[in-house]
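Chains, contacts and geometry: an overview
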Amino acid sequence: MGASVKIHELVDAMDDISVVIGEEHLDREIVISDLSRPALELTGYFCFYPQNRMQLLGKTELSFAERMTSDERYIVMKRMCQADTPAFLVSRSLEPPKELIKAAKEKGIPVLVSKRSTTRLSSNVTNFLEERLAERISQHGVLVDIYGMGVLIIGDSGIGKSETALELIQRGHRLVADDRVELYMMDERRIIGEPPEILRHLIEIRGIGVIDVVNLFGVGSIRSKKTVDLVINLEHWDKNRQYDRLGHNLDKMRFFNVEIPKLSIPVKVGRNLSIIIEIATMNIRAKEMGYDATKTFEKNLNNLIRENTQGD
């Protein structure tokens, strides 16, 4: 069964939306994020009526409906009230037609009203529904906001992800989620991470237990969600492995259809992981801005080789 949002969840989340009728039917479910602004339907054309969407009525739709007779409006509104129509939403604090109120009551469909303009209301509701209805996956790891970049720290259990995150918080960065990170695709380029509700603001440190980050560090130490910009994979140091020393090998990690840059950092005694992750994050940001230390080093090296060659 796919995700759904109940009407009362939408009303509770958006303080500019109020219920005109249908308080007892707010458990009806929205299963698609797109809204419908009925236009041809008002003329009686219902061949392709998206009846399972929320129906948004603005000034244009209501002014057209005013030109009909009361009987014509009731016939149209009754046809718009289908069994799987979640709700009707009226913008600009406009008064819903009494024929809509009558037809919606008969079918048990809520009618909502908002003071927002139609365009703004459509955008706000669509964004809310897209977020809530998006497909989600659960990723083991820690998500931290470091200098404005969402850094997802992954690795084997017990390698020190939470301890590293705690040190990053002490250094002024912000925790998004510890242990489990819920990921969903906001659009074709962005993956958003947030904590499961049961783990919100909490972090587990072996030997200490669960701590409340807000209680210890204040509200400025957490974020409710963050775009994932970089994945840091902590792995055990292997003395027999050759590690990249120039930064050429930037891997990718795919979530849904989005590829996120990925760095693997070896872990061994004496390495300050929080500082290394800070520097790695700043270095990735610098590369995105066009400043690549690896290219500078290679340029300097080539110049030195050229000078030495000319000297011979």
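Thresholds, definitions, all that
- Residues numbered from 1 in each chain as written.
- Predicted model: local features only at pLDDT ≥ 70, side-chain atom pairs only at ≥ 80, totals over all residues.
- Heavy atoms only, no water.
- UniProt positions renumbered as here; feature names shortened; annotations may be inferred.
- Helix = DSSP H or I, 4+ residues; strand = E, 2+ residues; numbered from the N terminus.
- Rg over C-alpha atoms; globule rule 2.2 N^0.38 Å.
- Buried < 20%, exposed > 50% of the residue type's maximum accessible area, 1.4 Å probe, protein only.
- Contact = heavy atoms within 4.5 Å.
- Domains from an automatic or database assignment.
- Phe/Tyr/Trp six-rings, centres within 6.5 Å; stacked < 30°, edge-to-face > 60°.
- Lys NZ or Arg CZ within 6 Å of the ring centre and 35° of its normal.
- Pairing = 2+ DSSP bridges.

An unreviewed UniProt entry lists the protein under the name HPr kinase/phosphorylase, with Alkalibacterium olivapovliticus as the source organism. As recorded by UniProt, the Cofactor (unreviewed entry) comment attached to the protein reads in full: "Mg(2+)".

Thoughts on the overall build of the protein
A count of helical and extended segments in the protein gives nine helices and 19 strands. Taken over C-alpha atoms, the radius of gyration comes to 27 Å for the protein, far larger than the 20 Å a tight globule of 312 residues would show. Its C-alpha atoms give the protein principal-axis dimensions of about 95 × 55 × 30 Å. Out of the 312 residues in the protein, the part that is buried amounts to 43%. Once local pairs closer than 6 in sequence are excluded, the contacts in the protein between residues at least 24 apart make up 69%.

Thoughts on the UniProt feature "active site" (unreviewed entry) in the protein
Taken from the UniProt record, the annotation "active site" (unreviewed entry) applies to His-140, Lys-161, Asp-179 and Arg-245. Within the element layout of this structure, Lys-161 appears in helix H6 (residues 161-170). Lys-161 sits in the buried class, given a relative accessible area of 7%. When neighbours within four sequence positions are excluded, Lys-161 is seen to be in contact with His-140, Gly-141, Val-142, Ile-153, Ile-154, Gly-155, Asp-156 and Leu-234.

With respect to the domain arrangement of the protein
In terms of domain boundaries, the protein breaks down into domain 1 (5-133) and domain 2 (136-290). Computed over C-alpha atoms only, the centres of domain 1 and domain 2 are separated by 42 Å.

Thoughts on the UniProt feature "binding site: ATP" (unreviewed entry) in the protein
Per the UniProt record, the feature "binding site: ATP" (unreviewed entry) sits at Gly-155, Asp-156, Ser-157, Gly-158, Ile-159, Gly-160, Lys-161 and Ser-162. Residue placement: Asp-156 occurs in the loop between strand S10 (149-155) and H6. Beyond its immediate sequence surroundings of up to four residues, Asp-156 is in contact with Lys-161, Leu-234 and His-236. One can find Gly-158 in the loop between S10 and H6.

What to know about the packing of aromatic side chains
A complete count under the given rule lists one aromatic pair for this structure. Between Phe-46 and Tyr-49 the ring centres are 5.3 Å apart and the planes differ by 80 degrees, which places this aromatic pair in the edge-to-face class. Here Phe-46 matches Tyr-49 in class, with each residue buried. The ring of Tyr-74 carries Lys-102 above its face, with NZ or CZ at 4.5 Å from the centroid.

As for the sheet that holds strand S12 (residues 180-185)
Read from one edge of the open sheet, four strands run S8-S12-S13-S16, paired in antiparallel fashion. In this open sheet, the two strands that pair with only one neighbour each are strand S8 (136-140) and strand S16 (226-227). For S8 and S12, the ladder comprises five bridges, and the chain directions are antiparallel. Bridge pairing in S12 links Arg-136 to Tyr-184.

Some thoughts on the pairing of S12
As paired elements, S12 and strand S13 (residues 191-194) share four bridges and run antiparallel to each other. Paired with Leu-183 across the strands is Gly-193, a residue of S13. Connecting S12 to the next strand, S13, in antiparallel fashion are five residues.

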